[in-house]
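One letter stands for each residue in the lines below.
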Amino acid sequence: MTPTTNLKELIIEGIHNRKGHGISVVDLSSIDTAATGSFIIAEGNSTTHTASIAESVAEHVLDTSGVKPYGIDGEEGSDWVIMDYGDIWVHIFLPETRTRYNLEELWSDAEITRVADLD
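Residues numbered from 1 in each chain as written. Predicted model: local features only at pLDDT ≥ 70, side-chain atom pairs only at ≥ 80, totals over all residues. Heavy atoms only, no water.

### Considering the sheet that holds strand β6 (residues 111-115)
Taken in spatial order, the six strands make up an open sheet running β3-β4-β5-β2-β1-β6, and their pairing is mixed. A strand with exactly one partner marks an edge of an open sheet, and here the two such strands are β3 (71-73) and β6. Each strand axis lies, on average, 15° off the axis of its neighbour in the sheet, ignoring direction. Bridge count for strand β2 (residues 38-43) against strand β5 (residues 88-93) is six bridges, and the pairing is parallel. Bridge pairing in β5 places Phe39 opposite Trp89. Strands β2, β3, β4 (80-84) and β5 of the sheet are contacted by helix α2 (residues 47-65), whose axis makes an angle of about 15° with β4. (Pairing = 2+ DSSP bridges. Helix = DSSP H or I, 4+ residues; strand = E, 2+ residues; numbered from the N terminus. Axes fitted to C-alpha atoms, helices over the stretch in contact; angles between N-to-C directions. Contact = heavy atoms within 4.5 Å.)

In structure tokens, the structure reads:
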């Protein structure tokens, strides 16, 4: 298991810990113009829920691997939280915001893997 694969798994565990859902992993590694290697995209049910999911990811990844995000934006009252882990960017959306920005369609030439919800 590579460090990036392990980090992806830890991020997904952090999302699942707070019942985030609709998780997709978008592999951008074969796209030369992409600013990062991959996106992990998930949804929350409210702005409080999206912030809680982001907090869970940050805490879980830090506690289990010692890795901190380079930055987090949108935690306060936002319908979109983004976390920068360098080669992985985590996007946590409200459903309507995810639909509006449609990152999976925007990066449709990437390999996209859906992760089953825990429910």
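Resuming the write-up.
### Thoughts on the packing of aromatic side chains
Applying the stated criterion to the full structure yields four aromatic pairs. Aromatic side chains Phe39 and Trp107 sit 6.1 Å apart centroid to centroid with 85° between the ring planes, which places their arrangement in the edge-to-face category. One end of the pair, Phe39, is in strand β2; the other, Trp107, is in the loop between α4 (103-106) and β6, and 68 residues separate them in sequence. Where Trp80 meets Tyr101, the ring centres are 4.7 Å apart and the plane angle is 50°; that geometry is what we call tilted. Here Trp80 is found in strand β4, whereas its partner Tyr101 is found in helix α3 (residues 95-101), with 21 residues between them in sequence. (Phe/Tyr/Trp six-rings, centres within 6.5 Å; stacked < 30°, edge-to-face > 60°.)

### Things to note about a negative patch on the surface
A cluster of acidic residues, Glu55, Asp73, Glu75 and Glu76, forms a negative patch on the protein surface. Summarising the element assignment, Glu75 is placed in the loop between β3 and β4. (Patch = residues over 30% accessible without salt bridge, like charges linked within 9 Å, V, L, I, M, F, W, Y side chains within 5 Å. Areas by Shrake-Rupley, 256 points an atom, 1.4 Å probe, with all protein chains shown as cover. Salt bridge = Lys/Arg side-chain N within 4 Å of Asp/Glu carboxyl O. Lys, Arg positive; Asp, Glu negative; His and termini not counted. Charge placed at Lys NZ, Arg CZ, Asp CG, Glu CD.)

### Some points on the pairing of β4
Covered by surrounding structure in β4 are Val81 and Met83 only, the residues Trp80, Ile82 and Asp84 on the alternate face being uncovered. As defined by bridge partners, β3 adjoins β4 across three bridges and the pair is classed as antiparallel. When the sheet's bridge partners are listed, Asp73 is paired in β4 with Ile82. Taking the residues between adjacent antiparallel strands as the criterion, β3 and β4 are bridged by six residues, where Gly74 takes a positive phi near 95°. If you look at the hairpin formed by β4 and β5, you'll find three residues sitting between the two strands, and Gly86 has a positive phi there, around 80°. (Buried < 20%, exposed > 50% of the residue type's maximum accessible area, 1.4 Å probe, protein only.)

### A few points about α2
Under the 1.5 Å per step criterion, the end-to-end length of α2 is 27 Å for 19 residues, consistent within 8% with the ideal 27 Å. Where α2 is concerned, the buried positions are His49, Thr50, Ala51, Ile53, Ala54, Ser56, Val57, Ala58, His60 and Val61. Positive phi shows up at Gly66, right after α2, with a value of about 80°. (Expected span 1.5 Å × (residues − 1).)

### Some words on the nonpolar core
Ile11, Ile15, Ile40, Val57, Met83 and Tyr85 are the most contacted members of the largest nonpolar core, which totals 20 residues. Listed by contribution, the elements that provide at least two residues to this core are α1 (3-17), β1 (21-27), β2, α2, β4 and β5. Dropping the residues within four chain positions of it, Tyr85 is found in contact with Leu7, Ile11, Val57, Ala58, Val61, Val67, Lys68, Pro69, Tyr70 and Val90. Counting residues in hydrophobic clusters, the runner-up holds 10 residues, among them Leu28, Ile41, Leu103 and Trp107. (Core = buried A, V, L, I, M, F, W, Y, C linked by side-chain atoms within 4.5 Å.)

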